[in-house]
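Geometric and topological summary
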Amino acid sequence: MLDIRGVTKSYGTREVLTDVSFTVGDGRMTGFVGANGAGKTTTMRIILGVLSPDEGTVLIDGVPVTASDRRRFGYMPEERGLYPKMKVAEQLVYLARLHGLSPASARRNTDDLLERLGLTARAGDTVESLSLGNQQRAQIAAALVHDPEFLVLDEPFSGLDPLAVEVVMSVLAGYAAQGAPVLFSSHQLDIVERLCDDLVIIADGEIRANGSREALREQHSSPRFEIRTAGDTGWIRSEPGITVIDFDGDFAVFEAETDAASQAVLHRAVALGVVHTFSQQRPSLATIFKEVIA
Amino acid sequence: MSFTRPVHTAPTFAQSVWLVSNREITARLRSKSFLIATGILLLISVASVVAGSLVSQNESLTKVAVVGTAISVVEQTEAFDIVESDTVKGAEALVRDGTVDAAVVPSNSADSLLGITVIALDSAPIDVLGTLSVRPDVKILDPAEQDGFLAYLVAIGFGIIFLMSATTFGATIAQSVVEEKQTRIVEILMSTISVRALLAGKVLGNSLMAFGQIVSIGLLVSIGLAVTGQRVLLADVGPAIVWFAVFFAFGFVLLAALYAATASMVSRQEDVGSATSPVLFLVMIPYFLVIFFNDNPLVLAIMSYVPFSAPVGMPVRIFLGQAEWWEPVLSLIVLALSTMVVILIGSRIYSNALLRMGARVSLREALHK
C-alpha cells in the first residue's frame with residue numbers, strides 16, 4: 001500500500017501542492033485526474049523521489065520510502081523519454097540492470113514484455129525509428145521491465161491508438177490483479193472510468209475528491225431515476241414527492257424527494273405490469289469531475 | 001506485499017556507475033562519427049611520425065657546380081653534390097637554369113683567403129657559405145637538452161592532442177547530458193539511481209574512452225618512432241608521453257565534470273555550444289600558451305601547475321629537462337585536488353539543473369537551490 005501524506009511543495013513563492021494526501025491500495029487501479037497544471041506530475045515526481053517535497057512523506061506499508069525502495073517502482077514520466085539511438089531491447093535490458101536485475105533476468109523480462117506489447121519484431125530497432133505509438137509501447141515496457149511492485153504512470157494512454165490502449169489496459173490490469181498498487185493519470189476520462197477502482201481528483205494542488213469509484217458516484221448521484229415499462233408511464237406524474245423530468249410513453253426520468261417515494265413508484269409499476277428497467281441515474285466521471293473541480 | 005514477485009537486490013553505487021559508463025562507451029563505439037574522428041586522429045599521429053622520419057632520412061645534398069681547382073676545397077666538406085664544369089661561363093649557366101644552387105670557381109683575386117669565389121643567382125647562398133667558411137672554435141657552457149625547434153614541435157603535439165581529445169570528448173559528454181535531459185529519460189534514471197552515480201558513470205565512461213585514445217596515440221607514436229629508427233627521439237619524448245597520459249587522465253576528469261555540469265543547465269542541443277563555451281576557453285588556453293611561450297621557462301613553469309594547463313605544461317617541461325623530479329608529483333597532487341573540488345561543485349550543479357526544463361538555468365540557481 002502506497003500512502004501519500006500531507007505533501008506540500010512550492011516552486012519559489014508559488015505553492016503547487018497543498019497538503020496532498022491519498023492512498024493507493026494493494027491491487028487497486030487508482031486513477032489520478034486533474035486539469036493541466038493541477039499538480040499530478042509534481043505529485044508523481046515526489047512519489048518517485050525525483051523531486052523532494054517541502055513537507056509531508058510518502059509511505060510504503062506505513063514506512064517512509066527510502067532511496068533503495070524507489071527501484072521497486074515502475075515509473076512512466078509524463079514527458080516520454082528513451083535514448084533515441086539505442087535499440088529497444090538493449091535499452092530495456094539496460095534499465096532493468098540499473099534496477100538491479102541480473103543480465104539473464106533482464107533479458108528474459110525484456111523478451112516477455114516485448115512479446116506482450118507486440119514489439120518483438122522491433123526489438124533490434126532504434127527507438128527513434130519507431131512510430132510514435134510503438135515508442136509509447138516501448139516506454140510502457142521501460143516502466144515494467146524490472147518487475148516493479150508499484151506502478152506510477154503519468155498519462156500512460158496518451159498517444160496510443162485504440163488497439164494499443166486495450167493492450168496497455170490489460171497489461172496494467174494484470175499488474176493490479178497480482179496485487180500491485182497502480183497509480184495512473186489520464187485526461188481520457190472514459191478510460192479512467194472503465195479501468196480504475198479508486199479515484200483521486202486534484203485541482204490547484206489540492207485533493208478535491210478521493211475514494212472508490214462507486215462511492216464517488218454514489219456521493220455525486222442525483223436522486224434521479226429512469227424507468228421503462230411495458231405500458232404507459234404517465235401515471236408517475238401524479239405520484240407524491242415525484243417530479244418527472246422526461247417522459248416518452250413507456251419511458252420516464254424522474255426525481256424523487258425521498259428513497260421511499262422512488263420505491264413507491266417501483267412498487268406501483270410492478271403492480272401495474274412488466275418493468276423492463278428501473279435504475280438510479282449514475283453520473284459519468286466527466287460529470288463528477290466537473291462538479292468536483294468547479 | 002501480499003503477492004510474490006522476484007526480488008532483485010539494488011545495485012551498489014559502484015555497479016550503477018559501471019553500468020552507466022558501459023552504456024556511454026557502447027554508445028560511443030556505435031557512433032560512426034566517433035569512429036571516423038578517432039581513425040583520423042590516429043592516422044595523423046602515425047603520419048606525422050612517418051613524415052618526420054622521411055624528411056630526416058632524405059636530406060638531399062645541395063648541388064653545386066665546381067670549376068677547376070676549386071674542387072679540392074669543395075670535396076673536403078663532403079656536404080655537396082658536385083657537378084663539374086669546364087668553364088666559369090658553363091658553371092654560371094648551370095646556376096642560371098637552376099641545375100645547381102651555386103657554383104664554386106677559382107678566385108681571380110690574389111687577396112682571397114680560400115682562393116675560391118662562390119657564384120649564386122640572386123642572393124648569397126647561406127648554407128653553401130656556412131659550409132665553406134672558416135669557423136672559429138665554439139665552446140658551449142650549458143648545452144640545451146633539446147633542440148629548440150624539436151621542443152616546439154613536441155609542445156604543439158601535446159597541445160593539439162590535449163585540445164582535440166578534450167574538446168571531442170567534452171562535447172560528447174555535454175551532448176549526452178543534454179540528450180538525457182531533452183528526451184526526459186533522465187527522469188527515469190533519477191528515479192532509479194542516484195544523480196551522483198549517473199554523473200560519475202558518464203564522466204568515467206567518457207574519460208576511459210578519451211584515455212584509451214590518448215594511450216593508443218602514445219603507443220602508436222612510440223612504435224612509429226622505434227620502427228622508423230628514431231630511437232634517439234623516442235628516448236627523449238618517451239617519459240614526457242607517459243607523464244602526459246597520467247596528467248591527461250586527471251585533467252580530463254576535471255574537464256568532463258565541468259562539461260557535464262555546464263551542459264546540464266540547458267535543455268536543448270542547440271544551446272550546448274554556448275553553455276559549454278567557457279569550458280572550451282579553459283581547454284584552449286594551454287594550447288595557445290605552449291605555442292606562444294614554449295621558450296619561456298617562467299610561463300611554462302606557471303602553466304605546469306595551473307590545473308587546466310598542467311597536462312600540457314608539465315610534460316613539455318619534463319621533455320625540456322626543466323622540471324625537478326618532484327615537480328610533476330606536486331603538480332599532479334594540485335590537479336587531483338582541484339579535480340575533486342570541481343567534481344563536488346559540478347555534481348551539485350548537475351543535480352539541481354537536471355529537472356529544470358526550458359530556459360537556461362542560471363549558475364546561481366544551479367548552485368543554491
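Think of each chain on its own: its residues are numbered from 1, step by step along the sequence as written. Each chain takes a letter, starting from A, and each ligand takes a number, starting from 1, following the order in which they are written. Side-chain atom pairs in this predicted model are given and counted only at pLDDT of 80 or more, local residue features only at pLDDT of at least 70, and totals for whole chains, interfaces and linings cover all residues.

Remarks on the packing of helix α8 (residues 195-227) of chain B against helix α13 (residues 326-353) of chain B
Residue and element names in this part refer to chain B. We count it as follows: Angles run from 0 to 180 degrees between N-to-C directions of axes, and those axes are lines fitted to C-alpha atoms, restricted for helices to the stretch in contact. Secondary structure elements follow DSSP: runs of H or I no shorter than four residues count as helices, runs of E no shorter than two count as strands, and numbering proceeds from the N terminus. Comment on the angle field: the value is read as roughly parallel under 35 degrees, roughly antiparallel over 145, roughly perpendicular from 65 to 115, and oblique elsewhere. We call a crossing left-handed when the near helix sits turned anticlockwise from the far one by less than a right angle, and right-handed when that turn is clockwise. Any two residues are considered in contact once their C-beta atoms, placed from the backbone, lie within 7 Å. Under the scheme applied, nonpolar residues are Ala, Val, Leu, Ile, Met, Phe, Trp, Tyr, Cys and Pro; charged residues are Asp, Glu, Lys and Arg; polar residues are all the others, including Gly.
At a minimum axis separation of 10 Å, α8 and α13 run at an interaxial angle of 120°. By the criterion of interaxial angle, the relationship of α8 to α13 is oblique. When the axes of α8 and α13 are compared, the crossing they make is right-handed. On α13, the residues touching Val195, Arg196 and Leu199 of α8 are Ser347, Tyr350 and Ser351. Residue composition of the contact of α8 with α13, grouped by class: three nonpolar, two polar and one charged.

Re the packing of helix α12 (residues 310-320) of chain B against α13(B)
Two quantities define a packed helix pair, namely the angle between the helix axes and the distance between the axes. Residues and elements named next belong to chain B. One can describe the packing of α12 onto α13 by two numbers: an axis separation of 11 Å at closest approach and a directional angle of 175°. Here α13 runs roughly antiparallel to α12, going by the angle between their axes. When α12 is examined against α13, the residues Ala310, Met314 and Ile318 are found in contact with a partner set consisting of Pro328, Ser331 and Leu335. Grouping the constituent residues of the contact of α12 with α13 by class yields five nonpolar, one polar and no charged.

Some details on the sheet that holds strand β14 (residues 275-280) of chain A
All names here are of chain A. Let me state the cut-off plainly: Two strands are counted as paired when DSSP detects at least two bridges linking them.
A sheet is described by the order of its strands in space; here four strands give the open sequence β12-β13-β11-β14, paired in antiparallel fashion. The sheet is open, and its two borders are formed by β12 (242-248) and β14, each paired with just one other strand. Neighbour-to-neighbour, the strand axes of this sheet turn through a mean angle of 15°, independent of strand direction. Bridge count between strand β11 (residues 224-229) and strand β13 (residues 251-256): five bridges; the pairing is antiparallel. The residue of β13 that forms the bridge with glutamate 226 is valine 253. Packing against the sheet, helix α8 (residues 259-272) makes contact with β11, β12, β13 and β14, and its axis sits at approximately 0° to β11.

What about the domain arrangement of chain A?
Residues and elements named next belong to chain A. In plain terms, the rule: Annotation comment: domain bounds sourced from an automatic or database domain assignment.
Partitioning chain A into domains gives domain 1 (2-217) and domain 2 (221-293). Between the C-alpha centres of domain 1 and domain 2 there is a distance of 40 Å. The interface of domain 1 with domain 2 comprises 11 residues on the first partner and 10 residues on the second. Where the side of domain 1 that touches domain 2 is concerned, the elements lending two or more residues are α6 (189-195), β9 (198-203), β10 (206-212) and α7 (213-220). For the side of domain 1 that touches domain 2, the leading source of residues is α6, giving three residues. In terms of residue class, the side of domain 1 that touches domain 2 is made up of eight nonpolar, no polar and three charged.

Description of the sheet that holds strand β3 (residues 102-106) of chain B
Residue and element names in this part refer to chain B. Sheet architecture is open: four strands sit in the order β2-β1-β3-β4, paired in mixed fashion. Sheet topology places β2 (80-85) and β4 (116-119) at the edges, where each strand pairs with a single neighbour. Across the sheet, the mean angle from the axis of one strand to that of its neighbour is 25°, orientation sign disregarded. Here three bridges tie strand β1 (residues 62-67) to β3, and the two strands are oriented parallel to one another.

Notes on the pairing of strand β4 (residues 55-60) of chain A
All names here are of chain A. As paired elements, strand β1 (residues 2-11) and β4 share five bridges and run antiparallel to each other. The residue of β4 that forms the bridge with leucine 2 is isoleucine 60. Bridging between β4 and strand β5 (residues 63-64) involves two bridges; their strand directions are antiparallel. In the strand pairing of β5, isoleucine 60 is matched with valine 63. Where β4 folds back onto β5 in an antiparallel hairpin, the turn is made up of two residues, including aspartate 61, whose phi is positive at roughly 45°.

Describing helix α1 (residues 40-48) of chain A
All names here are of chain A. Going by this rule: Each residue is classified by how many other C-beta atoms fall within 10 Å of its C-beta atom, where C-beta atoms are placed from the backbone; a count of 20 or more means buried, 12 or fewer means exposed, and values in between mean partly exposed.
Counting buried positions over the nine residues of α1 gives nine, a clear majority of the element. All of the buried residues in α1 are Lys40, Thr41, Thr42, Thr43, Met44, Arg45, Ile46, Ile47 and Leu48. Two residues or fewer past α1, glycine 49 is found with a positive phi of approximately 80°.

Topic: the interface of chain A and chain B
Facing 31 residues of chain A, the contacting portion of chain B comprises 23 residues. If you tally residues by element for the side of chain A that touches chain B, the top one is helix α2 (residues 88-98) of chain A, at four residues. Taken together, the residues of the side of chain A that touches chain B break down into 14 nonpolar, nine polar and eight charged.

Quick notes on the environment of Met190(B)
Among the secondary structure elements, Met190(B) is positioned in helix α7 (residues 185-190). Between the C-alpha atoms of Met190(B) and Leu355(B), which are 165 residues apart in sequence, the distance is 9.4 Å.

Points about the nonpolar core
What counts here: What we call a nonpolar core is a set of buried Ala, Val, Leu, Ile, Met, Phe, Trp, Tyr and Cys residues whose membership is set by joining through C-beta atoms within 7 Å.
Ranked by size, the top nonpolar core spans 151 residues in total, and within it Leu92(A), Ala141(A), Leu151(A), Val152(A), Ala256(B) and Ala260(B) carry the most contacts. For this core, the element with the most residues is helix α9 (residues 231-263) of chain B, which contributes 20 residues. Those residues in contact with Ala256(B) that sit more than four places away from it in its chain are Phe169(B), Gly170(B), Ile173(B), Val203(B), Asn206(B) and Ser207(B). Membership of the second largest hydrophobic core comes to 18 residues, among which are Ala70(B), Phe80(B), Val128(B) and Leu132(B).

Some points on the confidence of the model for chain B
Residue and element names in this part refer to chain B. Our working definition: Note: pLDDT gives the predictor's confidence per residue, expressed from 0 to 100.
Within chain B, residue pLDDT values average 82, and 93% of them lie at 70 or more. By mean pLDDT, the top-scoring element of chain B is helix α1 (residues 13-30) (91), and the lowest-scoring one is helix α14 (residues 363-368) (75). This prediction of the complex comes with two scores: 0.76 for pTM and 0.77 for ipTM.

Comments concerning unusual backbone geometry
All names here are of chain A. Notably, aspartate 147 is not glycine yet its phi reads approximately 50°, a positive angle. As for its position among the elements, aspartate 147 is in the loop between α4 (132-144) and β7 (150-154). Taking the number of C-beta atoms within 10 Å as the measure of exposure, aspartate 147 has 17 and is therefore partly exposed.

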